[in-house]
Amino acid sequence: MKKELKYIIAGFVLIIILSLLIFLNLYGFMNKQTENDIRSIAEVHLKGIVGEELDRYSVVKGIRFGQLNALKEEITGGNADIGSGRMQEIVEKYAGFQDLESSALIDKEGNIEVLYGTDISDFGDIEYLTESMKNGEEVVTGGWHDDEQLIIYASPLSVKMSNGNDSIGFLWCKSDLSFKEVMNLKSENNLVYFHIIRKNGTYVLRNADSTGEDYYSKFRDHAKPVNMSTEEAVEKLKAAVESESEFFLNTTYIDPENGISERRSIYGVSLEGSNWYLISIIPYGILDQMISEMTASRSKGMILSMAVLALAMLVLFSAYLKMTRKQVSDLEKSKAETEEALEEAHAAMEEAQAATDEAMNARDRAEAAMAETEEAYAEAEEARKAAFEAREEAVHANQAKSEFLSNMSHDIRTPMNAIIGMAAIAEDHLDDKAKVQDCLHKIDLSGKHLLGLINDVLDMSKIESGKMTLSLEALSLRVTMETICEIIRPQLRTKKQNFDIFISNIIAENVYCDGVRINQVLLNFLSNAVKFTPEGGNISISLYQEPSEKEDHVKTHLIVADNGMGMTEEFQKKLFTAFEREDNRRVHKTQGTGLGMTITKHIVEAMGGSIEVKSTPGEGTSFHVILDLETVKGNVSDMHLPEWKILVVDDNEDLCKSAILSLEELGTKPRYCLSGKDAIKAAIEADKDNDPFFAILIDYKMDDMDGIETAKILRERLGDAVPINLISAYDWAEIEQEAGDAGINGFIPKPLFKSTLYHELIKYDGERDVHDIIEDDIDPSETDISGLNILLAEDNEINAEIATMILEENGVKVDWVEDGKLAVEKFEASEEGYYDAILMDLRMPHMNGFEATGVIRTMKRSDAAVIPIIAMTADAFADDAKKCIEAGMNTHLAKPINIDLLKQTLAQYKNKN
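All values derive from a computational prediction rather than experimental measurement.

Thresholds, definitions, all that
- Residues numbered from 1 in each chain as written.
- Predicted model: local features only at pLDDT ≥ 70, side-chain atom pairs only at ≥ 80, totals over all residues.
- Heavy atoms only, no water.
- Helix = DSSP H or I, 4+ residues; strand = E, 2+ residues; numbered from the N terminus.
- Buried < 20%, exposed > 50% of the residue type's maximum accessible area, 1.4 Å probe, protein only.
- Areas by Shrake-Rupley, 256 points an atom, 1.4 Å probe, with all protein chains shown as cover.
- Axes fitted to C-alpha atoms, helices over the stretch in contact; angles between N-to-C directions.
- Parallel < 35°, antiparallel > 145°, perpendicular 65-115°, else oblique.
- Left-handed = near helix turned anticlockwise from the far one by under 90°.
- Contact = heavy atoms within 4.5 Å.
- Nonpolar A, V, L, I, M, F, W, Y, C, P; charged D, E, K, R; others polar.
- Expected span 1.5 Å × (residues − 1).
- Arc of directions from axis to C-beta.
- Polar contact = N/O pair within 3.5 Å; in protein donor to acceptor, adjacent residues only side chain to side chain.
- Core = buried A, V, L, I, M, F, W, Y, C linked by side-chain atoms within 4.5 Å.
- Salt bridge = Lys/Arg side-chain N within 4 Å of Asp/Glu carboxyl O.
- Pairing = 2+ DSSP bridges.
- pLDDT = per-residue confidence, 0-100.
- Patch = residues over 30% accessible without salt bridge, like charges linked within 9 Å, V, L, I, M, F, W, Y side chains within 5 Å.
- Lys, Arg positive; Asp, Glu negative; His and termini not counted.
- Charge placed at Lys NZ, Arg CZ, Asp CG, Glu CD.
- Phe/Tyr/Trp six-rings, centres within 6.5 Å; stacked < 30°, edge-to-face > 60°.
- Lys NZ or Arg CZ within 6 Å of the ring centre and 35° of its normal.

(A) Structural detail: the overall build of the protein. Helix and strand content of the protein: 24 helices and 29 strands. The buried share of the protein, reckoned over its 913 residues, is 43%. Element-wise, carbon and sulfur atoms account for 52% of the exposed surface of the protein, whose accessible area totals about 48800 Å².

Structure below.
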């Protein structure tokens, strides 16, 4: 029995030893893995913090150069010879506002002319600064005045300096304290700290623990790199700084004087647009402490686990020993019953203790499982909330996009309706040249408006963010109003609505304005008026002017009014909020997103104007737009008519008075009647008194007797001697046959501008040729492009055919190539000076327009640098035009091709040459 017991005990000890070895190996592996994981986390954290610093540096640099460029633009204003006094005044205004230490000019020899603040005593790297300015680069560098360090933002600028030299750059100097604060180079709550050094190792900005004059010396004195010598690490760092590449190193920092010896990681990156290098350092003191604490915690857990294992094995050993002893007791019956009872009691106590331990372990496992369950539930709840918020945002975004597209569909279909309708009319009247020309004119007007709408859709993000851009051009208010009438007329005809246009007190017909934007505003108001006014309702648009407080400006009023359903006061408060529409049964069947009014408000405010709204439910709505517009100064012919006696007939007295005022300004003696019956009576009496009217102007729509009916009776009573013209806001084509049968001589479309009346009535002056009277004196030579040789680069065959046909019809010889590479080869193979200009598309296979322009501009031939290269592309934004100029092109024309603008542009370069 003793021999078997020895074997059992030996086996138990062996198992304990093996278990101990396994736990110790596992313990060592886990400690090593934990240390590696923490080091990896530290490295990721270090690079993340550096990324944030780089972003912060880029933002600071962008803000500073944005401010500097605004100052430069105000200094030069397109004039490099600005006076020193004016320059000083501008710089002091900006410098005081931006809290500069100083600002100065620098020439290519490094001479400094201080325009504001204190003198700059020295620079961190003068050669780098002057070389960057010569190369036209914007850079950040450093310098000093007295003992204070400066952060210098330098940008190329050429103006005359007081020493007679031309400057090469402008220096914008701020204290390094503000730069440190903005860059957050040392935060109390951040494990990472930073230095900024120059390529020679000297400090630009340093942390409080830095020593010596340069970082390389500090590194040699205190660093003990991993897997390399200190000198090798220094050379590796210098190479990274010189090549502006990344640098990473694990090292031990040793400072015996201060009792410091700790592991650190160093990460370095170059700061773009400077000769600086950012050194970031993370000390492992806190991380090592974390590793020690985790190791101690793991040790306690390991010891407890081993104790539990030993206890469990002891229980097994006891059970096995009990079984053995029982067998022995069966063989040795001679042993006393008391001894057996003692053994049994001892075994029972051990079993109870084991059961107690097992129950405690089970309780611990249950508590751990409960904690894990609660944590998982909390994470699931967070995920659910995040998913719900993301879903809500997606739903709102999709709803806004759908409503926006619905509204744009409405706006785009309005001019499309006019285009399709006019195309159908032209197709039905191919033999009627005048009719086809009229239709093509209206298609052109609607097409231009449609193009403007498409541009608005593409530019919607800028409108909603308030970054709207306007394109000011000389604009005829008469043409604008006629265009609006042509576009809106089909909708009016469909709903059988009455439409009037009132023009009065026009000081200047031609003004500077964004034509597409003003059309969009008026069409939005008119479309809504048509939409919310019932059939047979009244809609009107009024235009009048008054003197402006600004010189060469005129205050222009535009009023769109209707007698439709109107709006409640509550809805008027949110009228200009995006996607709002009145929730009322009266508009239940009316489609629309409400986005149009928001866009309209942005446009009017961008023009410096205002909108006034008056509306009453059930009575109608009036939108009053007020714009202060610059007048166009040009050669406008003197419009003057003989002292003709003219009769105006219209049942609207306001329109009659407006027409009378314009006719009086033309020199005639007008009179008006408010009905057809009164007009017939007045005309017959004047004829009997031998003082007949020279001409009669009759409105088409009148209540008691319309214009056609009135004209028939006047022809019967007066014969054919008196010209009778019909006035109407409706399409002449619809009533032309009926008017001709009634003896009507002509048609005067509303609105009744003075120029409209003049050009219609002057036809009846036998002593003057109407074709000799024009509003603008246009020199034909200004658009003469005959004799030019043009190289056209266009990959779309249809677009190339259109451009070639337009140019050849104007006497231009065109060579077409299908991509940028062929354009380069064609130009290179031609004689110098053979081509007068190049029309360059941007998006082409093999070589795009930007690349082709770059190759041509660098060719070694006399005409490569000066030949006009004109971008002709569907990339129509202002940013696209800017990219074209930066790529070396002369100008930018957007597709679809504006024939007049293309001819004017080519003629401009032809005249220069």
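Following the structure, the description resumes.
(B) Focus on the packing of helix α11 (residues 477-495) against helix α12 (residues 515-531). Running from N to C, α11 and α12 cross one another at 20°; their axes reach a closest spacing of 10 Å. Taken together, the axis directions place α11 and α12 in an arrangement best described as roughly parallel. By crossing handedness, the relation of α11 to α12 is classed as right-handed. Here α11 contributes T480, T483, I484, I487, I488, Q491, L492 and K495 to the contact with α12, which in turn contributes I518, N519, L522, L523, L526, S527, V530 and K531. For the contact of α11 with α12, the class distribution of residues is nine nonpolar, five polar and two charged.

(C) Examining helix α20 (residues 797-809) more closely. If you check α20, its first and last C-alpha atoms are 18 Å apart, about what 13 residues at 1.5 Å a residue would give, namely 18 Å. Buried within α20 we find A800, A803, T804, I806 and L807. Seen along its axis, α20 keeps its buried residues to an arc of 165°; they face one direction. Exposed residues lying more than 90 degrees from the buried face of α20 are E797, I798 and E809. Near the N-terminus of α20, the side chain that reaches the backbone nitrogen of I798, with its oxygen 3.0 Å away, is that of N796.

(D) Representation of the nonpolar core within the structure. One finds M481, F499, I501, I518, L526, I541 and L543 to be the most contacted residues of the largest nonpolar core, which totals 42 residues. At the level of elements, α11, β14 (498-504), β15 (510-513), α12, β16 (538-547), β17 (553-562), α14 (595-606) and β19 (620-631) are the ones that each hand at least two residues to this core. If near-sequence neighbours (up to four positions away) are discounted, I541 is found in contact with M481, F499, D500, I501, F502, L522, L526, I559 and V560. M183, V192, I196 and I282 belong to the second largest nonpolar core, which has 40 residues in total.

(E) Inspection of the pattern of salt bridges at higher detail. Counted according to the given criterion, the structure contains 18 salt bridges. Between K160 and D166 there is a salt bridge, with its nearest N and O atoms 3.0 Å apart. With its nearest N and O atoms 3.7 Å apart, the salt bridge here joins K657 to E653. A residue pair is termed a helical-turn pair when its members lie 3 or 4 positions apart in one helix, as K657 and E653 do in helix α15 (residues 653-665) at four residues. The partly exposed category is assigned to K657, whose relative accessible area is 45%. When its relative accessible area of 35% is taken as the criterion, E653 is described as partly exposed.

(F) Structural detail: helix α3 (residues 126-134). Among the residues of α3, those classed as buried are L129, T130, S132 and M133. Taken end-on, α3 shows its buried residues confined to a sector of 160°, consistent with a single buried face. In this structure, the buried side of α3 is in contact with β1 (102-106), β3 (122-123), β4 (139-145), β5 (148-156) and β6 (169-175). Phi turns positive one or two residues past the end of α3, at G136, with a value near 75°.

(G) Molecular detail of the environment of I744. Along the chain, I744 falls in the loop between α18 (732-741) and β24 (746-749). Separated by 24 residues in sequence, I744 and D720 have C-alpha atoms that sit 9.5 Å apart. Those residues in contact with I744 that lie beyond four places of it in its chain are I708, A711, I724, N725, L726 and A739.

(H) Looking closely at the sheet that holds strand β25 (residues 789-793). Taken together, the five strands give an open sheet; going across it, the order is β26-β25-β27-β28-β29, and neighbouring strands pair in parallel fashion. Among the strands making up the open sheet, the edge pair consists of β26 (813-817) and β29 (891-894). Adjacent strand axes in the sheet meet at a mean angle of 20° when their direction is disregarded. Pairing analysis gives five bridges linking β25 to β26, with the strands arranged parallel.

(I) Broad picture of the confidence of the model for the protein. In this model, the protein carries a mean pLDDT of 81, and residues with pLDDT of at least 70 account for 84%. In this model, residues 583-593 is a region of pLDDT below 50 whose contacts with residues beyond four sequence positions or in other chains number 19 contacts. Predicted confidence is poor over residues 767-781, with pLDDT under 50, and the contacts of this stretch with residues over four places away or in other chains come to 21 contacts.

(J) Local environment of the side chain of T631. By the element assignment, T631 lies in strand β19. On the basis of relative accessible area, T631 is assigned to the buried category, the value being 16%. For T631, the residues in contact, after removing those within four places along its chain, are A508, N510, V511, Y512, D552, H553 and V554.

(K) Region of the structure containing the side chain of S540. Turning to its location among the elements, S540 is positioned in strand β16. The contacts of S540, once residues within four sequence positions are left out, are F499, D500, F502, I559, V560 and A561.

(L) Inspection of unusual backbone geometry at higher detail. With phi around 60°, E244 is a residue other than glycine that occupies positive phi space. Under the relative-accessibility criterion, E244 is labelled partly exposed at 44%. Non-glycine residue K496 carries a positive phi angle of around 55°. Here K496 is to be found in the loop between α11 and β14.

(M) Broad picture of the sheet that holds strand β21 (residues 669-673). Pairing is parallel in the open sheet, where five strands are placed in the order β21-β20-β22-β23-β24. Lying at the two open borders of the sheet, with one neighbouring strand each, are β21 and β24. Here the average twist between neighbouring strands, direction ignored, is 25°. Bridge count between strand β20 (residues 645-649) and strand β22 (residues 695-699): four bridges; the pairing is parallel. Of the residues in β22, the one forming a bridge with I646 is A695. The strands touched by α15 are β20, β21 and β22; relative to β21, the strand with the most contacts, the crossing angle is about 170°. Packed on one face of the sheet, helix α19 (residues 754-761) meets β20, β22, β23 (724-728) and β24 and runs near 170° to β24.

(N) Region of interest: a negative patch on the surface. A cluster of like negative charges, contributed by D330, E337, E339, E340, E343 and E344, occupies part of the molecular surface. Ranked by residue count, the leading element in the negative patch is helix α8 (residues 337-428), at five residues. Tracing the chain through its elements places E344 in helix α8. Residue E344 is classed as exposed on the basis of its relative accessible area, which comes to 57%.

(O) Looking closely at the packing of aromatic side chains. In total, this model carries eight aromatic pairs according to the counting rule given. For the pair Y215 and F219, a centre-to-centre distance of 6.2 Å together with 55° between the ring planes defines the contact as tilted. Linking Y215 with F219, this pair stays in helix α5 (residues 215-222), spanning four residues, or about one helical turn. Judged on exposure class, the residue Y215 and its partner F219 are both buried. Centre to centre, the rings of F525 and F623 are 4.5 Å apart; their planes meet at 15°, and the pair counts as stacked. Of this pair, F525 sits in helix α12 while F623 sits in strand β19, and the two are 98 residues apart along the sequence. You'll find F525 and F623 in the same group, each marked buried. Three or more aromatic residues link up through ring pairs in this structure, and these residues are Y203, Y215 and F219. One Lys or Arg, K47, reaches over the ring of F248 and ends 5.6 Å from the middle of that ring.

(P) Spotlight on a nonpolar patch on the surface. On the surface, I9, V13, L14, I17, L18, L20, L21 and L24 cluster together into a nonpolar patch covering about 680 Å² of accessible area. With respect to the helices and strands, the residue L14 is situated in helix α1 (residues 2-76).

(Q) Broad picture of the packing of helix α16 (residues 676-688) against helix α17 (residues 707-718). The contact between α16 and α17 brings their axes to 10 Å, and the two run at 15°. One way to sum up the angle between α16 and α17 is to call them roughly parallel. Relative to α17, α16 is oriented so that their crossing is right-handed. Each of G676, A679, I680, A683, I684 and D687 in α16 lies in contact with α17, whose residues at this interface are T710, I713, L714, R717 and L718.

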